[in-house]
Amino acid sequence: MAACGGAQYARDKGIPVILFPKTKDEPDGLSPDDLVKVLREFEVDFILLAGYLKLIPAELIRAYSRSIFNIHPSLLPSFGGKGYYGMKVHKAVIASGARYSGATIHFVDEHYDTGRILAQKIVPVLANDTAEELAARVLREEHKLYVEVTTALCEDRVVWREDGVPLIQSKENPEEYY
Ligand SMILES: Nc1nc2c(c(=O)[nH]1)N[C@@H](CN(C=O)c1ccc(C(=O)N[C@@H](CCC(=O)O)C(=O)O)cc1)CN2
Ligand SMILES: NCC(=O)N[C@@H]1O[C@H](COP(=O)([O-])[O-])[C@@H](O)[C@H]1O
């Protein structure tokens, strides 16, 4: 959305803003192929989703293999997939009686929330939590976790285990991974 907070923040910082996808409300939005073309022109290496609520198309997944990340407000694979976004996630967690929730950062594949998990942070669910209270507690951890993971990404500390599980190499103890 042209008027969303992220787009306005970028404009204020002189960061180019492109709209995707093309819809009746956003006729200036790009097609998937044009989006890939523009991202290449801007020499974009990684794509980080934050509250993006549409399915990322296969064209982008293919063009940016192992380079698209998403943050989800639950401990995937629980409470993920189509229909699980925003407050819907936290309402489902509370209704389930789960004692813990949290934030998950995962690689994006062609389905909702099924990509390889890269990082998680656990958050307690309190007996009298409202969905809003749980959402706020999880969001605080999300904002910290995304910075931690992005830093590791920029410092080349994201590695792949032989069985295909991605890990983050500790900056303090390079022999350790998590
Ligand atoms: N190819 C992928 N695209 C996206 C992924 C992904 O893992 N692979 N993650 C989502 C983010 N997400 C959860 O983290 C998510 C977002 C939205 C939905 C959803 O059910 N959306 C509704 C439409 C909602 C709306 O338009 O208001 C739907 O598809 O019916 C589920 C999970 C981002 N894209
Ligand atoms: N399944 C996707 C999903 O629910 N994403 C969630 O949307 C919120 C965006 O917050 P923000 O608008 O403050 O960035 C975040 O909690 C993020 O986990």
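Residues numbered from 1 in each chain as written. Chains lettered and ligands numbered in written order. Predicted model: local features only at pLDDT ≥ 70, side-chain atom pairs only at ≥ 80, totals over all residues. Heavy atoms only, no water.

Student: Before we move on, can you summarise the site of ligand 2 with the specific residues and values?
Tutor: Ligand 2 sits among G51, I71, H72, P73, Y84, Y85, G86, L139 and E142. Contacts to ligand 2 include E142, whose side-chain N or O atom sits 2.4 Å from an oxygen atom. Against a free-state accessible area of 450 Å², the protein chains account for coverage of 68% of ligand 2. Put simply, the parts of the chain that give the shell around ligand 2 at least two residues each are strand 2 (68–72) and helix 5 (131–154). (Near = heavy atom within 4 Å. Polar contact = N/O pair within 3.5 Å; in protein donor to acceptor, adjacent residues only side chain to side chain. Areas by Shrake-Rupley, 256 points an atom, 1.4 Å probe, with all protein chains shown as cover. Helix = DSSP H or I, 4+ residues; strand = E, 2+ residues; numbered from the N terminus.)

Student: I'd love a proper account of the side chain of S74, names of residues and values included.
Tutor: Relative to the helices and strands, S74 is located in the loop between strand 2 and helix 4 (87–96). Beyond its immediate stretch of four places on either side in the chain, S74 contacts F79, V89, S101, G102, A103 and T104. (Contact = heavy atoms within 4.5 Å.)

Student: How would you explain the site of ligand 1 if you had to name every residue and give the values?
Tutor: Around ligand 1 sit 21 residues in total, of which K54, N70, G83, D109 and Y112 are the nearest. At a separation of 2.9 Å, an oxygen atom of ligand 1 approaches a polar side-chain atom of K82. Within the backbone of G83, an N or O atom sits 2.6 Å from an oxygen atom of ligand 1. Its residues assigned to classes, the shell around ligand 1 comprises ten nonpolar, six polar and five charged. (Nonpolar A, V, L, I, M, F, W, Y, C, P; charged D, E, K, R; others polar.)

Student: Give me unusual backbone geometry: which residues, what numbers.
Tutor: The omega torsion of the bond from F20 to P21 falls at -5°, within 30 degrees of zero and hence cis. Among the secondary structure elements, P21 is positioned in the loop between helix 1 (5–12) and helix 2 (32–41). Cis geometry is found at the peptide bond from L76 to P77, where omega equals 10°. In this structure, P77 sits in the loop between strand 2 and helix 4. One non-glycine residue with positive phi stands out, namely R66, at about 55°. Structurally, R66 is set in the loop between helix 3 (58–63) and strand 2. The phi torsion at F79 lies on the positive side, around 60°, for a residue other than glycine. Exposure remark for F79: the relative accessible area of 23% places this residue in the partly exposed category. (Buried < 20%, exposed > 50% of the residue type's maximum accessible area, 1.4 Å probe, protein only.)

Student: Describe the UniProt feature "domain: Formyl transferase N-terminal" (unreviewed entry) in the chain, with residues and values.
Tutor: The UniProt record marks residues 3–150 with the feature "domain: Formyl transferase N-terminal" (unreviewed entry), using the residue numbering of this structure. Between the first and last C-alpha atoms of residues 3–150 the distance is 25 Å; the span itself is 36% helix and 16% strand. (UniProt positions renumbered as here; feature names shortened; annotations may be inferred.)

Student: I'd like a description of the pattern of salt bridges, backed by residues and values.
Tutor: Tallied over the entire structure, the rule returns eight salt bridges. Between R137 and D129 there is a salt bridge whose closest N-O contact spans 2.6 Å. The exposure class of R137 is buried, given its relative accessible area of 17%. Classification of D129 by relative accessible area gives buried; the value is 8%. Connected through salt bridges with shared partners, the residues E155, R157 and K171 form a single ionic network. (Salt bridge = Lys/Arg side-chain N within 4 Å of Asp/Glu carboxyl O.)

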